[in-house]
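# Observations on chain architecture
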Amino acid sequence: MSGESDCTRTSPSAGSPLDNELPPDRPKYVCTLSPDLVTKAREELQEKPEWRLRDVQALRDMVCKDYPSLGTCLDDAFLLRFLRARKFDYDRALQLLVNYHTCRRTWPEVFSNLKPSAIKPVLESGFVTVLPHRDPQGRHVVCIRPDRWTPSNYPITENIRAIYLTLEKLIQSEETQVNGIVILADYKGVSLSKASHFGPFVAKKVIGILQDGFPIRIKAVNIINEPRIFKGIFAIIKPFLKEKIANRFFLHGCDLNSLHQNIPPVILPEEYGGTAGKLDISAWNELLLASEEDFLHDFSELVLPCDSSPHDLLVSGDADEKQCDDSLRGMKPQLYYCY
């Protein structure tokens, strides 16, 4: 998944770029997209197969020129994730790549020792899993169940780590890079005390990663069985959501027919009125735990560009920080009111 940057010397203190030469052992990119997905990528992502490697090289050159100490992997397949996520806009893809590493560097509670074996208790709880079948648009469905989390067992950051590793595994697939994913979040049984763990600080961090710090296309977020308290939670996170993402939230309550308008019953488990059998978390857990080698590189130890700070690299500013502080002061009254 990652490796040492081709733009840095062996000594991390050197911090100066190497000659911009590609190592001879760089993995050669081989497209795994079907003809239909090649067409879809061209139409929706502005990806032209005949220009693909030229675009990758352009992004690689920008990284080496502007952020030689970033320490990122520069393989074709890795950089393609960021180009696809930003519809082959070089500048936006570069910013996404920088944000990706900055998020990892500035939240050590989440990104230190980030590997599947470290979050095995979360996986075993069933807090997050991926349904075995894709939807008709070829998108994986990530199922999140906060009621499976017991706060006394481990902090909320462990849940975030599990979600992040799930997304990392999914985005290795070129099909997912093009089609995106759908989220199904079941808020059944979420109490006020549990909701209070997801305050504005955590909300802003998570949303910042999903919107501006990770190369994945979230096409829909389906909320099911949400209690009245969720109105308070959503009021907290909505100011941090871009309009496009906010419009992709669908609150279904207990109405399974409403859910089925977005996710067909044929791919849903029985718990959500589907016909795909009981929800089975074992297959996804086994797949993720078998991917330990993919996650051995610890990005939290990477050195940021010497002429930049985390606040310079992230797409946020003083106004956002003030907004977060204001939301924090108003969080408990909102939650109690909705509860």
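So, how was this worked out
Residues numbered from 1 in each chain as written. Predicted model: local features only at pLDDT ≥ 70, side-chain atom pairs only at ≥ 80, totals over all residues. Heavy atoms only, no water. Buried < 20%, exposed > 50% of the residue type's maximum accessible area, 1.4 Å probe, protein only. Helix = DSSP H or I, 4+ residues; strand = E, 2+ residues; numbered from the N terminus. Pairing = 2+ DSSP bridges. 1 Å grid on protein atoms, 1.4 Å probe; cavity = no way out; pocket = protein on both sides within 12 Å on 5 of 7 lines; lining within 4 Å. Points joined across faces, edges and corners; volume = space filled by probe spheres on them. Nonpolar A, V, L, I, M, F, W, Y, C, P; charged D, E, K, R; others polar. Domains from an automatic or database assignment. Axes fitted to C-alpha atoms, helices over the stretch in contact; angles between N-to-C directions. Parallel < 35°, antiparallel > 145°, perpendicular 65-115°, else oblique. Contact = heavy atoms within 4.5 Å. Polar contact = N/O pair within 3.5 Å; in protein donor to acceptor, adjacent residues only side chain to side chain. Salt bridge = Lys/Arg side-chain N within 4 Å of Asp/Glu carboxyl O. Phe/Tyr/Trp six-rings, centres within 6.5 Å; stacked < 30°, edge-to-face > 60°. Lys NZ or Arg CZ within 6 Å of the ring centre and 35° of its normal.

- Looking up the protein in an unreviewed UniProt entry gives the name TTPAL protein, with the organism given as Rhabdornis inornatus.

### Considering the pairing of strand β4 (residues 218-224)
- Counting buried positions over the seven residues of β4 gives six, a clear majority of the element.
- Bridge count for strand β3 (residues 181-186) against β4 is six bridges, and the pairing is parallel. By the bridge assignment for β4, Leu-184 is matched with Asn-222.
- Of the strand pairs in this sheet, β4 and strand β5 (residues 249-251) are connected by three bridges, and their pairing is parallel. Counted as the bridge partner of Val-221 is Phe-249 from β5.

### Quick notes on the layout of surface pockets
- A volume near 1,200 Å³ is recorded for the largest pocket.
- Its residues placed into classes, the lining of the largest pocket shows 34 nonpolar, four polar and 11 charged.
- Residues lining the lining of the largest pocket come from more than one domain, with at least three contributed by each of domain 1 (35-106) and domain 2 (113-292).

### Here we look at the packing of helix α2 (residues 52-66) against helix α3 (residues 76-85)
- Taken N-terminus to C-terminus, the directions of α2 and α3 make an angle of 90°; their axes are 9 Å apart at the nearest point. On the basis of their axis angle, the class for α2 and α3 is roughly perpendicular. Judged by residue contacts, Arg-52, Leu-53, Asp-55, Val-56, Leu-59 and Arg-60 of α2 engage Asp-76, Leu-79, Leu-80, Leu-83 and Arg-84 from α3.
- For the contact of α2 with α3, a count of residues per class yields six nonpolar, no polar and five charged.

### As for the sheet that holds β3
- Pairing is mixed in the open sheet, where five strands are placed in the order β1-β2-β3-β4-β5. Only two strands of the sheet have a single neighbouring strand rather than two, namely β1 (128-130) and β5. Averaged over all neighbouring strand pairs, the angle between strand axes comes to 20°, with direction disregarded.

### Regarding the environment of Asp-135
- As for its placement among the helices and strands, Asp-135 is situated in the loop between β1 and β2 (140-144).
- On a C-alpha basis, the gap between Asp-135 and Ile-267 in space is 6.8 Å, while along the polypeptide they are 132 residues apart.
- Apart from the residues lying within four places of it in its own chain, the contact partners of Asp-135 are Val-182 and Ile-267.
- A distance of 2.9 Å separates a polar atom in the side chain of Asp-135 from the backbone nitrogen of Gln-137.
- Within the structure, the side chain of Asp-135 is placed 2.7 Å from the side chain of Arg-139, a separation counted as a polar contact.

### Thoughts on the pattern of salt bridges
- With the rule as written, the count across this model stands at 16 salt bridges.
- The salt bridge partner of Asp-55 is Arg-54, with a shortest N-O separation of 2.8 Å.
- The exposure class of Asp-55 is buried, given its relative accessible area of 5%.
- Since its relative accessible area comes to 47%, Arg-54 is described here as partly exposed.
- Notably, a salt bridge pairs Glu-270 with Lys-278, separated by 3.6 Å at the nearest N-O pair.
- One salt-bridge network, in which partners are shared between bridges, spans Glu-47, Arg-52, Arg-84 and Glu-174.

### Observations regarding the packing of aromatic side chains
- All chains considered together, the criterion is met by eight aromatic pairs.
- Aromatic side chains Phe-78 and Tyr-100 sit 6.1 Å apart centroid to centroid with 65° between the ring planes, which places their arrangement in the edge-to-face category. Taken together, the residues Phe-78 in helix α3 and Tyr-100 in helix α4 (residues 90-106) connect sequence positions 22 residues apart. A single burial state applies to Phe-78 and to Tyr-100, both of which are buried.
- Ring plane angle 80° and centroid distance 5.3 Å describe the contact between Phe-82 and Tyr-100, whose orientation is recorded as edge-to-face. Of this pair, Phe-82 sits in helix α3 while Tyr-100 sits in helix α4, and the two are 18 residues apart along the sequence. An identical accessibility class is assigned to Phe-82 and Tyr-100; each is buried.
- Grouped by ring-pair contacts, the aromatic residues Phe-78, Phe-82, Tyr-100, Phe-111, Tyr-164 and Phe-214 constitute a single cluster.
- Cation over ring: Arg-54 sits above Trp-51, and NZ or CZ is 4.6 Å from the ring centre.

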